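The lines below spell out each chain.
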Amino acid sequence: SLQAGLAVLLKAERLFHSSYHSQAVHIRPICRVTPSWCPAPPEGVIRAASLSLVQDASCLAVSWELRQTLTVVFDTFSSGQGKKDWSLFKMFSRTLTDACPLASQSKVYVDISPKNKEKELLEVTPPPASVYEAIVQGDKRTYAVYDLLSPSLFNTSRSLNVQLKWKRPQDSSELPTPILHAQRYVSGYGLQTGEISTLIYNTHPYRAFPVILLETVPWYLRLYVHTLTIITKGKENKPS
């Protein structure tokens, strides 16, 4: 249903008005986790029975995992007349009112990692109940967490409109480039000289990252796999 949970943000006219959007469905087999009772204690020792979850090493029991993802990119800097402030309502024209009644987890993560270590410049409202830290591509990231299943989240307000503001006047400098980023451009023309070039940059001083490249091309564009060329550090790699 589009009347509860995170799905209320899926407003078609706002999603298709974005700079980029992508929907995907992932289906994969996973080894099923089976319950296992702990062995009985020795005679004379009293211990409460405990149940642990053990993954099937032989993977004889298989379950299927279905994961649906929606990726949307909003250029709020351009549409906001050079302001970096944003909110859920500005992007989706809607706010969150409650969690999906069928969801066991429903959380919103907001990246509040400081730019140039200046954490005091960012102000996120309402204040998050918890903060989560993780290492992403060798860089420490900080996320504000909003749990829609928490009863206290909607006590003070009937809806959740996460907002991020900058406390002092903003400069016109560009956002810092991620350690792992990509660029794509089209050159040439026609079927003979036309080509699509994708450049992937890793600026980390010593760490390598696995990369899965998914190209999205128009239906009318004909691609020839035998013309694929991969160049790394100036040397051509033959695709296997």
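Residues numbered from 1 in each chain as written. Predicted model: local features only at pLDDT ≥ 70, side-chain atom pairs only at ≥ 80, totals over all residues. Heavy atoms only, no water.

Comments concerning a nonpolar patch on the surface
No. 1: On the surface, Val-186, Ile-196, Trp-219, Tyr-220, Leu-221 and Leu-223 cluster together into a nonpolar patch covering about 740 Å² of accessible area.
No. 2: Of note, Val-186 is situated in strand E11 (residues 180–187). (Patch = residues over 30% accessible without salt bridge, like charges linked within 9 Å, V, L, I, M, F, W, Y side chains within 5 Å. Areas by Shrake-Rupley, 256 points an atom, 1.4 Å probe, with all protein chains shown as cover. Salt bridge = Lys/Arg side-chain N within 4 Å of Asp/Glu carboxyl O. Helix = DSSP H or I, 4+ residues; strand = E, 2+ residues; numbered from the N terminus.)

Some thoughts on the nonpolar core
No. 1: In terms of nonpolar packing, the biggest core is built from 24 residues, with Leu-96, Val-110, Tyr-146, Leu-148, Leu-160, Val-162 and Leu-164 touching the most fellow members.
No. 2: Among the elements that line this core, the one with the most residues is helix H3 (residues 88–92), at three residues.
No. 3: Sequence-distant contacts of Leu-96, defined by excluding residues within four places in its chain, comprise Gly-5, Leu-6, Val-8, Leu-9, Leu-88, Val-108, Leu-148, Phe-154, Arg-158, Ser-159 and Leu-160. (Core = buried A, V, L, I, M, F, W, Y, C linked by side-chain atoms within 4.5 Å. Buried < 20%, exposed > 50% of the residue type's maximum accessible area, 1.4 Å probe, protein only. Contact = heavy atoms within 4.5 Å.)

So, the state of the cysteines
No. 1: Here the structure, examined in full by the defined rule, presents one disulfide.
No. 2: Each sulfur of the disulfide joining Cys-31 and Cys-59 lies 2.1 Å from the other. On the sign convention where negative means left-handed, the S-S torsion of about -105 degrees between Cys-31 and Cys-59 marks this disulfide as left-handed. Of this pair, Cys-31 sits in strand E1 (residues 20–31) while Cys-59 sits in the loop between strand E3 (51–55) and strand E4 (62–73); the two residues are 28 residues apart in sequence, bridging distant segments of the chain.
No. 3: With a relative accessible area of 23%, Cys-31 lands in the partly exposed category.
No. 4: Relative accessible area serves as the criterion here: at 27%, Cys-59 is assigned to the partly exposed category. (Disulfide = S-S within 2.5 Å.)

Details of the sheet that holds strand E8 (residues 130–136)
No. 1: An order of E6-E9-E8 is seen for the three strands of this open sheet, with the pairing classed as antiparallel. In the strand order of this sheet, the two ends are held by strand E6 (107–111) and E8, each with one partner. Strand-to-strand twist in this sheet, taken as the mean axis angle between neighbours without regard to direction, amounts to 35 degrees.
No. 2: Note that E8 and strand E9 (residues 139–147) share seven bridges and pair antiparallel. Within E9, the position partnered with Val-136 by the bridge is Asp-139. (Pairing = 2+ DSSP bridges. Axes fitted to C-alpha atoms, helices over the stretch in contact; angles between N-to-C directions.)

Comments concerning the sheet that holds strand E10 (residues 163–166)
As a general point, the strands of a sheet are linked pairwise by backbone hydrogen bonds and lie either parallel or antiparallel.
No. 1: In spatial order, the strands read E5-E10-E7; together these three strands make up an open sheet with antiparallel pairing. Of all strands in the sheet, those with a lone pairing partner are strand E5 (86–87) and strand E7 (122–125), marking the two edges.
No. 2: Pairing analysis gives two bridges linking E5 to E10, with the strands arranged antiparallel. Bridging from a neighbouring strand, Trp-86 pairs with Leu-164 of E10.

What about the side chain of Ser-106?
No. 1: Its location among the elements puts Ser-106 in the loop between H3 and E6.
No. 2: Judged by its relative accessible area of 5%, Ser-106 is buried.
No. 3: Not counting the four nearest positions on each side in its chain, Ser-106 is found in contact with Leu-6, Ala-99, Tyr-146, Asp-147, Leu-148 and Leu-149.

A look at the environment of Pro-205
No. 1: Considering the arrangement of structural elements, one finds Pro-205 in the loop between strand E12 (195–202) and strand E13 (230–232).
No. 2: Here Pro-205 falls in the exposed class, since its relative accessible area comes to 73%.
No. 3: With 26 residues separating them along the chain, Pro-205 and Ile-179 place their C-alpha atoms 9.5 Å apart.

Read these as spatial facts, not as claims about activity.
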